[in-house]
Amino acid sequence: MLQILEITFRGEAMEKFILSARDLVIKFRLRGKVLTAIRGVSLDIYEGESLAIVGESGSGKSVFTKSFMGLLDKNGWIDSGSIIYGGMDLAKFKEERDWLKIRGKEIAMVFQEPMTALNPLKTIGKQVKEAVELHQGLRGKEAKEEVIKILDDVGIRDPERRYNQYPHEFSGGMRQRVVIAIAIACRPKILICDEPTTALDVTIQAQILNLLKDLKEKYKLTTIYITHDLGVVANVADRVAVMYAGDIIEIGKTEEIFYNGQHPYTWALLSSLPQLGKKGEPLYTIQGTPPNLFQEIKGDAFAPRNPKALEIDFIHSPPYFQVSPTHKAKTWLLDPRAPHVEPPEAIKKMRKRWKEI
Amino acid sequence: MFNYIIKRFFQSLITLMVVITIVFALLRLMPEEGYFGEGYEKLDEQQREAILTQMGLRDPLHKQLLDFYKQLLRGDLGKSIIYRPKVDISIILNDKIPYSLRFGLSAMALSLLIGLPLGILMALNHRGFWDKLGTAYIVFINAVPAAIYYLFIQVYVTGIFKIPMLYSESNPLSWILPTISMSLGSTASYAMWMRRYMLDEMNKDYVKLAKAKGLSGPRIMLSHVLRNAFVPMVQYLPSAILYTIAGSIYIESLYSIPGMGGLLVTAIQRQDNTLVQALVLIYSSIGIFGLFLGDILMALLDPRIKLSKKAGAR
Ligand SMILES: Nc1ncnc2c1ncn2[C@@H]1O[C@H](COP(=O)(O)OP(=O)(O)OP(=O)(O)O)[C@@H](O)[C@H]1O
Ligand SMILES: [Mg+2]
């Protein structure tokens, strides 16, 4: 309760957008055919917030956020739309030189795979130092001191000794701390964490998440978490965007999504949470497969997998319907003309608690 | 690190001893004429036996092997029998090695100077013009028997530029073509390895991270990719280089260069058993030494090798 109040309070303070994506379309060419990975996504990110992007594998979470840094694979491109950051339209960037102004300095990224993300032949000190020299302009002894301070900040004990060690001398969790240290050393404004804990074991996951939360406060970062794990979301995010087949189908404050989710896909995601299932009953799983991105998608992309889909879901794609000033969803169920559709049991229970709050 | 070197050193030593023993054994299987100089025909059975006994070749095998080792330890490679009868093999080699060294070193320098940059260029220009051109060259060198383009170069290029066909000490112009020919193969190998290892590295995750932290493309290439690609290269370089220096057997005979390679061919043709034995030993020691050196260099450059013994991660 207290936590929720606090989030609301903070929500009012953050009015400024730090990054705005508008109608972003991203395509890839694969064996001569073109697939549309991101289908007209718009998203405003508030300065200082912590946003989670959730969705199944292949929904486009990584592609979407990589496009903010010009890190799309070579066979992909931004087809239309804009990404406004600091008065610039990143979607218009053509040359690597333009991106060098953004990468690290403005937006940094922590990847999923800490075991391979570091150069095995360079000491971790040097690898962090590269970022310090590049983005903080420090040299020599000063740079080294800064690196040691950052290593300490990310919870690496005995940083002076660790400075000269190589990645293979670190465990997975420790390597992820080094990767985070590199990102922090760039002094970015936005930190994107692409499934930062997926490859780690559970106890380490919690440590890394706490570290990221602390660093966010300390360095006043705007953070974007990409995850399949709604448990992570509840833990770290102010807002949640639910992504499906290359579109954000629902977005709102974390508690709005958890307790008052509106899109049938959000329901499905929530119902598959172990915490919401009943003991002894099999866990809910979403039937069917995501749509083929090589073909144009008609109507609501989730309709074919939704047993209670409306007729219109197959014909017209729904616009956003505002649920609250901070919460909107793309589902025809929110249209005043729509028939009443009962959400699943688990969701109904959550809603009851929402009303109580 | 020190322990690693010692360990690798003893491994090499054992390999060398195995090779020596095999060479020794093989030579006992060779026809015995190879131990007689001129006039083998004129000797009768008894005289032959007497000579062989005197040379120790009728002793029990284990004693022969032991003697052989003792002799090698003294640095004595034995005496030539047919090629230059009764002359110490080390003296013969002393005359030959400078030539092989001179051509080998220049060919090596040439192929490193061209091969490595070519490989780098091919990797940077992956699937582009330079990559295709380089690949065509590598395929050509590997697919066409060397003898064909060696001959082609010798016959036609000498004709076009009016250079003497054979090596002559006094005419430096005649040194050019053998050097170039010798470097063609290793240039292709260096380029091929370099390209492959660079591409391997370029696709690794750490390059993505380096990019994400804002390093420029050239900087990533120089301080991450190139350096890492050299580590696997370094393992093969010493043996490749040593072999080039040891002289190209074929090219030396083609251009009549009085080097080690030509010597081996002659020794085999004329069945000079002790000389063949000595040369085979030299070539194998060079190979074993090259591998040893490669492993040591690799361990120096790759921290993961040094620490393989200690419990690393925590
Ligand atoms: N280089 C590429 N070439 C072709 N298609 C690609 C490429 N990269 C991504 N895609 C496609 O874009 C879609 C979105 O991929 P993305 O990696 O963003 O998914 P994701 O939501 O991050 O999934 P995960 O949770 O598995 O990481 C997928 O259908 C994927 O196949
Ligand atoms: Mg992903």
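A quick note: this is a predicted structure, and the numbers were derived from the prediction, not measured.

Trainee: Explanation requested: the site of ligand 1 in the structure shown.
Mentor: Residues and elements named next belong to chain A. Taken together, 17 residues lie near ligand 1, and Ser-57, Gly-58, Ser-62, Val-63 and Asp-73 sit nearest. Measuring from an oxygen atom of ligand 1, one finds a side-chain N or O atom of Glu-195 at 3.0 Å. For ligand 1, an oxygen atom lies 3.3 Å from a polar atom in the side chain of His-228. Contact with the protein chains removes 74% of the 630 Å² of surface that ligand 1 exposes when unbound. Elements represented by at least two residues in the shell around ligand 1 include exactly β1 (17–30), β2 (33–46) and α2 (61–66). Here the shell around ligand 1 takes three residues from α2, the largest share from any one element. Looking at the shell around ligand 1, its residues break down into six nonpolar, seven polar and four charged.

Trainee: Explanation requested: the interface of chain B and chain A in the structure shown.
Mentor: Every contact between the two is made by 24 residues of chain B and, on the other side, 34 residues of chain A. Summed over both partners, the interface of chain B with chain A buries about 2500 Å², with 60% contributed by carbon and sulfur atoms. If you look at where chain B meets chain A, you find one salt bridge. Between Lys213(B) and Glu130(A) there is a salt bridge, with the nearest N and O atoms lying 2.9 Å from each other. For the pair chain B and chain A, the interface holds eleven residue pairs in polar contact (both at pLDDT 80 or more). Counting only elements with at least two residues in the side of chain B that touches chain A, the list comes to α8 (205–212), α9 (217–245) and α13 (303–306) of chain B. Considering only residue class, the side of chain B that touches chain A consists of nine nonpolar, six polar and nine charged.

Trainee: Which parts of the structure should I look at to understand the sheet that holds β2(A)?
Mentor: Across a sheet, strands are paired by hydrogen bonds formed along the backbone, either parallel or antiparallel in direction. All names here are of chain A. Here four strands make up an open sheet; going across it, the order is β2-β1-β4-β5 and the pairing antiparallel. Strands at the two margins of the open sheet, each flanked by one partner only, are β2 and β5 (88–89). Across two bridges, the pairing between strand β4 (residues 76–85) and β5 is antiparallel. If you follow Tyr-85 over to β5, its bridge partner there is Met-88.

Trainee: Is there a simple way to think about the nonpolar core in this case?
Mentor: One recurring pattern in soluble globular proteins: nonpolar side chains tend to sit buried together. With 107 residues, the main nonpolar core has Leu19(A), Phe64(A), Phe68(A), Ile107(A), Val128(A), Ile180(A) and Ile192(A) as its most contacted residues. What Phe64(A) contacts, discounting residues up to four positions off in sequence, is Ala21(A), Leu24(A), Ile38(A), Val41(A), Leu43(A), Ile53(A), Met243(A) and Ile248(A).

Trainee: Mind showing me how you'd approach the domain arrangement of chain B here?
Mentor: How large an interface is tends to be reported as the accessible area lost when its parts come together. Residues and elements named next belong to chain B. Looking at chain B, the domain boundaries give domain 1 (2–73) and domain 2 (94–301). Domain 1 and domain 2 are separated by 33 Å when their C-alpha centres are compared. Each partner contributes residues to the interface: domain 1 has 18 residues there, and domain 2 has 13 residues. Note on domain 1 versus domain 2: buried area summed over both sides is about 1500 Å², and carbon and sulfur give 71% of it.

Cut-offs used in this document
Residues numbered from 1 in each chain as written. Chains lettered and ligands numbered in written order. Predicted model: local features only at pLDDT ≥ 70, side-chain atom pairs only at ≥ 80, totals over all residues. Heavy atoms only, no water. Near = heavy atom within 4 Å. Polar contact = N/O pair within 3.5 Å; in protein donor to acceptor, adjacent residues only side chain to side chain. Areas by Shrake-Rupley, 256 points an atom, 1.4 Å probe, with all protein chains shown as cover. Helix = DSSP H or I, 4+ residues; strand = E, 2+ residues; numbered from the N terminus. Nonpolar A, V, L, I, M, F, W, Y, C, P; charged D, E, K, R; others polar. Contact = heavy atoms within 4.5 Å. Buried area = accessible area lost by both parts, 1.4 Å probe. Salt bridge = Lys/Arg side-chain N within 4 Å of Asp/Glu carboxyl O. Pairing = 2+ DSSP bridges. Core = buried A, V, L, I, M, F, W, Y, C linked by side-chain atoms within 4.5 Å. Buried < 20%, exposed > 50% of the residue type's maximum accessible area, 1.4 Å probe, protein only. Domains from an automatic or database assignment.

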